[in-house]
Each structure stands twice: as C-alpha cells, then as structure tokens.
Amino acid sequence: AALFGTHMVDYHQQPVLKHLMLGAFVGTISLSMIPLINQFAMPVIYDALFATGISMGCLGAVAYNAPSEQFLQWGGALSIGLGCLIGAGLINMFYPSKALFNIYLYGGVFLFGAFTMYDIQKLIYNAKRKVTFDPVNESLGIYLDAINMFQHFLMIFGQNKKK
C-alpha cells in the first residue's frame with residue numbers, strides 16, 4: 001500500500017506526504033527483511049552489504065557513462081528474464097533442486113544487475129525528457145534492485161559459509 005501511495009502522491013504538490021509514503025515503504029521493506037537477516041551471522045551480512053554496494057556502484061557507473069542509451073533496449077528481455085526467475089523460484093518450492101536453486105540465486109544477481117543498468121538509464125532518460133520529473137518514483141526501481149541483489153548475495157554468502 002505504501003508503494004502505491006508513493007506512486008500516487010504528486011511530488012511537486014505534496015512533497016512531505018510523498019516522503020512520508022516513501023519512508024513507510026522503506027520501513028516496511030526493512031521489517032520484511034528481518035527474518036532473512038536473522039538467519040545469518042554478521043560477517044555474512046557485511047559481505048553481502050559490501051558486495052551489493054560495490055556491484056551497484058560499478059553497474060551504476062557503467063550505465064551512467066555509457067555512450068548511448070543501449071541499456072534502455074533491454075526492457076523486454078529483462079521482463080522475460082524476471083518471469084523465468086519467478087518461475088524457477090516457484091518450481092523450486094514444489095520440486096526442490098540444488099541446481100535450480102543455484103540458477104535462481106546466481107541468475108537473480110545477474111538479472112538484477114542488468115535491471116540496475118536499465119533503471120539508471122531510464123532515470124537519466126526521463127530526467128532529460130519529462131516536463132514534470134519525479135525523482136522519488138524514478139529511483140524506486142533502483143532501490144528495489146539493490147534490495148533484491150542484497151538478498152541474493154546474502155543467500156549466496158550464507159550458503160558458502162555453511163560449507
């Protein structure tokens with residue numbers, strides 16, 4: 001509900017309400033991640049945070065400095081990839097497989113990395129061309145990419161530390 005509220009409130013007319021909705025959304029996401037974070041030790045969490053920060057920073061720099069808007073053309077392929085990732089996760093729930101779980105984990109890191117480059121170029125494109133630019137709505141995709149990459153890195157590093 002907070003995500004929909006964030007999208008529905010106008011940034012230029014009601015900036016305080018917009019930021020309150022964004023805060024509620026971020027808080028809800030943070031609360032929903034507590035059970036996942038409680039499963040792992042602090043070194044694993046630090047590794048996942050470090051890997052997420054480095055990945056997001058490097059991919060963001062690549063997307064920002066790209067000479068053309070080439071990553072904007074990836075929208076359809078990324079949607080298909082996201083559908084495949086969701087399908088792999090659902091199949092793995094009913095027919096657990098180590099190989100399918102690894103495809104889900106490592107494919108998720110790759111997919112959300114590609115989504116990061118797409119979302120950053122989409123933000124830049126919209127900032128240049130839209131008359132009324134809303135930075136909060138445009139940056140939500142990048143935030144969700146970072147959250148998903150963190151969760152995938154956390155599961156990968158947690159799986160490696162158990163061995």
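Our subject is the structure that appears above.
Per-chain numbering applies: the sequence of each chain, read as written, is numbered from 1 onward. Only residues with pLDDT of at least 70 are given local features in this predicted model, and only at 80 or more are side-chain atom pairs given and counted; all residues enter the totals for whole chains, interfaces and linings. Side-chain numbers come from the whole structure's heavy atoms, not from hydrogens or water.

> Is there a simple way to think about the pattern of salt bridges in this case?
Salt bridges are defined as contacts in which a side-chain nitrogen from Lys or Arg sits within 4 Å of a carboxyl oxygen from Asp or Glu. Tallying each qualifying case throughout the model produces 3 salt bridges. Two residues, Asp134 and Lys18, come together in a salt bridge whose shortest N-O distance is 2.7 Å. Here Asp134, found in the loop between helix H5 (98-129) and helix H6 (135-161), pairs with Lys18, found in helix H2 (residues 15-38); they are 116 residues apart in sequence, far enough to count as distant. Accessible area is worked out with a 1.4 Å probe on protein chains only. A residue is then buried under 20% of its type maximum, exposed over 50%, and partly exposed in between. Here Asp134 falls in the buried class, since its relative accessible area comes to 12%. For Lys18, a relative accessible area of 0% gives the class buried. In this structure, the salt-bridge partner of Glu69 is Arg129, at a minimum N-O distance of 3.6 Å. Highlighted residues: Glu69 in the loop between helix H3 (42-65) and helix H4 (75-94) and Arg129 in helix H5, separated in sequence by 60 residues. The exposure class of Arg129 is partly exposed, given its relative accessible area of 48%. Under the DSSP-based scheme used, a helix requires at least four consecutive residues in state H or I and a strand at least two consecutive residues in state E, with every element numbered from the N terminus.

> Explain the side chain of Asp134 here, please?
Polar contacts, as used here, are pairs of N or O atoms within 3.5 Å; protein pairs need one atom able to donate a hydrogen and one able to accept it. Residues neighboring in sequence count only if both atoms are side-chain atoms. Of note is the side chain of Asp134, whose polar atom sits 2.7 Å from the side chain of Lys18. Within the structure, Asp134 has its side chain in polar contact with the side chain of Asn137 (distance 2.9 Å). Excluding its chain neighbours within four sequence positions, the residues that come into contact with Asp134 are Val9, Tyr11 and Lys18. It only takes one pair of heavy atoms within 4.5 Å for two residues to be counted as in contact.

> So what exactly am I meant to see when it comes to the packing of aromatic side chains here?
What characterises a pair of aromatic rings is the spacing of the ring centres plus the angle enclosed by the ring planes. Put simply, two rings from Phe, Tyr or Trp (the six-membered ring, in Trp's case) pair if the centres are within 6.5 Å, and we call them stacked under 30 degrees between planes, edge-to-face over 60, tilted for the rest. Enumeration according to the criterion identifies 5 aromatic pairs in this entry. Ring centres of Phe25 and Tyr143 lie 6.1 Å apart, and the angle between their planes is 70°; this geometry places the pair in the edge-to-face category. Of the two residues, Phe25 is situated in helix H2 and Tyr143 in helix H6; the sequence distance between them amounts to 118 residues. Consider the rings of Phe71 and Trp74, whose centres lie 4.8 Å apart with planes at 80°: the pair is edge-to-face. Judged by relative accessible area, which is 5%, Phe71 ranks as buried.

> Even after reading the chapter, I still don't get H5, so can you show me in this structure?
Working note: α-helix, 3.6 residues per turn, so residues spaced by three or four point in the same direction. With 32 residues, H5 extends 46 Å between its outermost C-alpha atoms, agreeing within 8% with the 46 Å of an ideal straight helix rising 1.5 Å per residue. Remark: the principal bend of H5, roughly 25°, maps to Gly107. Take the number of residues in a helix, subtract one, and multiply by 1.5 Å to get its expected span. Note on bend: at a given residue it equals the angle between the axes fitted to the 7 residues ending there and to the 7 starting there.

> How should I be thinking about the nonpolar core in this particular structure?
In this description, a nonpolar core means a group of buried Ala, Val, Leu, Ile, Met, Phe, Trp, Tyr and Cys residues linked to one another through side-chain atoms lying within 4.5 Å. Residues Phe40, Leu78, Phe115, Met149, Phe150, Phe153 and Leu154 are the most contacted members of the largest nonpolar core, which totals 34 residues. Those elements that place two or more of their residues in this core are H2, H3, H4, H5 and H6. Each residue touching Phe115, except ones within four places of it in the same chain, is listed here: Leu78, Ser79, Leu82 and Asp145.

> Hey, could you run me through the packing of H4 against H5 in this one?
When two helices pack together, their arrangement is given by the angle between the helix axes and by the axis-to-axis distance. Think of each axis as a best-fit line through the C-alpha atoms, taken over the contacting stretch in the case of a helix, with angles from 0 to 180 degrees between the N-to-C directions. The N-to-C vectors of H4 and H5 enclose an angle of 155°; their axes lie 10 Å apart at closest approach. In terms of orientation, H4 lies roughly antiparallel with respect to H5. You can see that H4 and H5 cross each other, and the crossing is left-handed. Contacts between H4 and H5 pair Gly75, Leu78, Ser79, Gly81, Leu82, Leu85, Ala88, Gly89, Ile91 and Asn92 from the former with Leu100, Phe101, Ile103, Tyr104, Gly107, Gly108, Leu111, Phe112, Ala114, Phe115 and Tyr118 from the latter. Note that Gly is not counted as nonpolar here; it falls among the polar residues with everything else outside the nonpolar set of Ala, Val, Leu, Ile, Met, Phe, Trp, Tyr, Cys and Pro and the charged set of Asp, Glu, Lys and Arg. Residues that form the contact of H4 with H5 fall into these classes: 14 nonpolar, 7 polar and no charged. By definition in this entry, angles of less than 35 degrees are roughly parallel, angles greater than 145 are roughly antiparallel, angles of 65 to 115 are roughly perpendicular, and the rest are oblique. In this scheme the crossing of two helices becomes right-handed for a clockwise turn of the near helix relative to the far one and left-handed for an anticlockwise turn of less than a right angle.

As far as function goes, none of this settles anything; it's purely spatial.
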